[in-house]
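Commentary on secondary and tertiary structure
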Amino acid sequence: MTLRDVTLSDVERLDAAAGEADVAFDMDEETFRAFYDRTARPLWAYLSRLAGSAQAADDLLQESYYRLLRSRGRWDSEAHRRAYLFRIATNLVRDNRRRALHRATLSLTQGEEHSLAAPGTDVATRSAARTDLQRAMARLRPRDRALLWLAYAQGQAHVEIAEILGVKTASVKLLLFRARRRLAALLRGSARDR
């Protein structure tokens, strides 16, 4: 089909199809509820790690969704909307840090069942490993904590991490490598201190 063969009705059908594509990602109440159900828990976990407290995560979670709705943006896909939400959350954490003029510490909640030691090890060994990880993560820079959390706890792809943190996709691999290396050095240091 060439451009000469296109009729006015064909153009109208193409416009309608394009309009339907835009409507599919509008945030009506039902769409928002479904999106919230899929994203609230991982976003809260992300915020609690970055902000360092569950209470701060609750406030930042609410503010993140409020700003997402207020933006009335159009998104290319569900993944784009999710990345935009995480970007809002990341910026809110940064803003809160700037306002408070101190760095928040990252702490793992006591009820988590992450096994940091090999299976079958005793509770004391797992507790010591968890404490070491808490201390090491608290000493990392906020961006390193965010990178590690998004990549390994959330399982985000490099493209998503780049979009959330506002860095180039090509640099995510190197940034993750450096963050892992810093964390490993901190963990080795805490093991020597025992």
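It should be emphasised that the depicted structure is a prediction, and the values quoted were computed from it without experimental measurement.

Quick word on the overall build of the protein
- Regarding its fold elements, the protein presents eight helices and zero strands.
- Along the protein, from the amino end to the carboxyl end, the secondary structure elements read α-α-α-α-α-α-α-α.
- Of the accessible surface of the protein, which amounts to about 12300 Å², a share of 53% is contributed by carbon and sulfur atoms.

As for the packing of helix α2 (residues 29-51) against helix α3 (residues 54-71)
- Contact geometry of α2 with α3 gives a least axis separation of 8 Å together with a crossing angle of 135°. If you check the angle between α2 and α3, you find them oblique. As α2 runs across α3, the sense of the crossing is right-handed. In this structure, α2 uses Phe32, Phe35, Tyr36, Thr39, Ala40, Leu43, Trp44, Leu47, Ser48 and Ala51 to contact α3, whose residues at the interface are Ala54, Ala56, Ala57, Asp58, Leu60, Leu61, Ser64, Tyr65, Leu68 and Leu69.
- Residues that form the contact of α2 with α3 fall into these classes: 16 nonpolar, three polar and one charged.

Thoughts on helix α7 (residues 158-165)
- Of all the positions in α7, only Ile161, Ala162, Ile164 and Leu165 are classed as buried. The buried residues of α7 occupy an angular sector of 165° when the element is viewed end-on, so they sit on one face.
- Residue Gly166 follows α7 closely and has a positive phi angle near 75°.

Points about the environment of Ser77
- Relative to the elements of secondary structure, Ser77 occurs in the loop between α3 and α4 (78-100).
- Here the side chain of Ser77 touches Ala79 through a polar contact of 3.4 Å, landing on its backbone nitrogen.

Quick word on the nonpolar core
- One finds Leu43, Tyr46, Leu47, Tyr65, Ile161 and Leu165 to be the most contacted residues of the largest nonpolar core, which totals 43 residues.
- Among the elements of the structure, α2, α3, α4, α5 (123-139), α6 (142-153), α7 and α8 (169-193) are those that each provide at least two residues to this core.
- No other element matches the nine residues that α2 contributes to this core.
- Residues within four places of Tyr46 in sequence aside, it is in contact with Phe86, Thr90, Ala146, Trp149, Leu150, Gln154, Ile164 and Leu165.

Considerations on the pattern of salt bridges
- Counted by the stated rule, this structure contains six salt bridges.
- A salt bridge links Arg38 to Glu78; the nearest nitrogen and oxygen atoms lie 2.8 Å apart. Taken as a pair, Arg38 in helix α2 and Glu78 in helix α4 lie far apart in primary sequence, 40 residues in all.
- Residue classification places Glu78 among the partly exposed residues on the basis of a relative accessible area of 27%.

Focus: the environment of Arg180
- Within the secondary structure, Arg180 sits in helix α8.
- A residue is classified by how much of its surface remains accessible, and Arg180, at 36% relative accessible area, is partly exposed.
- In this structure, the C-alpha to C-alpha distance between Arg180 and Asp144, residues 36 residues apart in sequence, is 8.3 Å.
- Ignoring any residue separated from it by four or fewer positions in sequence, one finds Arg180 in contact with Leu148 and Tyr152.

Criteria and thresholds
Counting starts from 1 at the beginning of each chain's written sequence and moves along it residue by residue. Only residues with pLDDT of 70 or above have their local features reported here, since the model is predicted, and side-chain atom pairs are shown and tallied only from 80 upward, although totals for entire chains, interfaces and linings are computed over all residues. Working from all heavy atoms in the structure, the side-chain values ignore hydrogens and water. What counts as a helix is a DSSP run of H or I of at least four residues, what counts as a strand is a run of E of at least two, and both are numbered from the N terminus. Using a 1.4 Å probe, the Shrake-Rupley method yields the accessible areas, and only the shown protein chains count as cover for residues. Note on definitions: angles span 0 to 180 degrees between N-to-C directions of axes, and those axes are lines fitted to C-alpha atoms, for helices only across the stretch in contact. Orientation labels follow simple angle bins: below 35 degrees gives roughly parallel, above 145 gives roughly antiparallel, 65 to 115 gives roughly perpendicular, and whatever is left gives oblique. Two helices that cross are described as forming a left-handed crossing if the nearer one is turned anticlockwise from the farther one by less than a right angle, and a right-handed crossing if clockwise. When checking whether two residues touch, look at their non-hydrogen atoms; a contact exists if any pair is within 4.5 Å. Three categories are distinguished: nonpolar for Ala, Val, Leu, Ile, Met, Phe, Trp, Tyr, Cys and Pro, charged for Asp, Glu, Lys and Arg, and polar for the others, with Gly belonging to the last. Relative accessibility decides the category of a residue: with a 1.4 Å probe and only protein chains considered, values under 20% of the type maximum give buried, values over 50% give exposed, and everything between is partly exposed. This arc is built from the directions going out from the helix axis to the C-beta atoms. Whenever two N or O atoms come within 3.5 Å, that pair is a polar contact, provided that in protein one can donate a hydrogen and the other can accept it, and provided that, for residues adjacent in sequence, both atoms are side-chain atoms. Each nonpolar core is a collection of buried residues, namely Ala, Val, Leu, Ile, Met, Phe, Trp, Tyr and Cys, held together in the definition by side-chain atoms within 4.5 Å. Here a salt bridge means any side-chain nitrogen of Lys or Arg lying within 4 Å of a carboxyl oxygen belonging to Asp or Glu.

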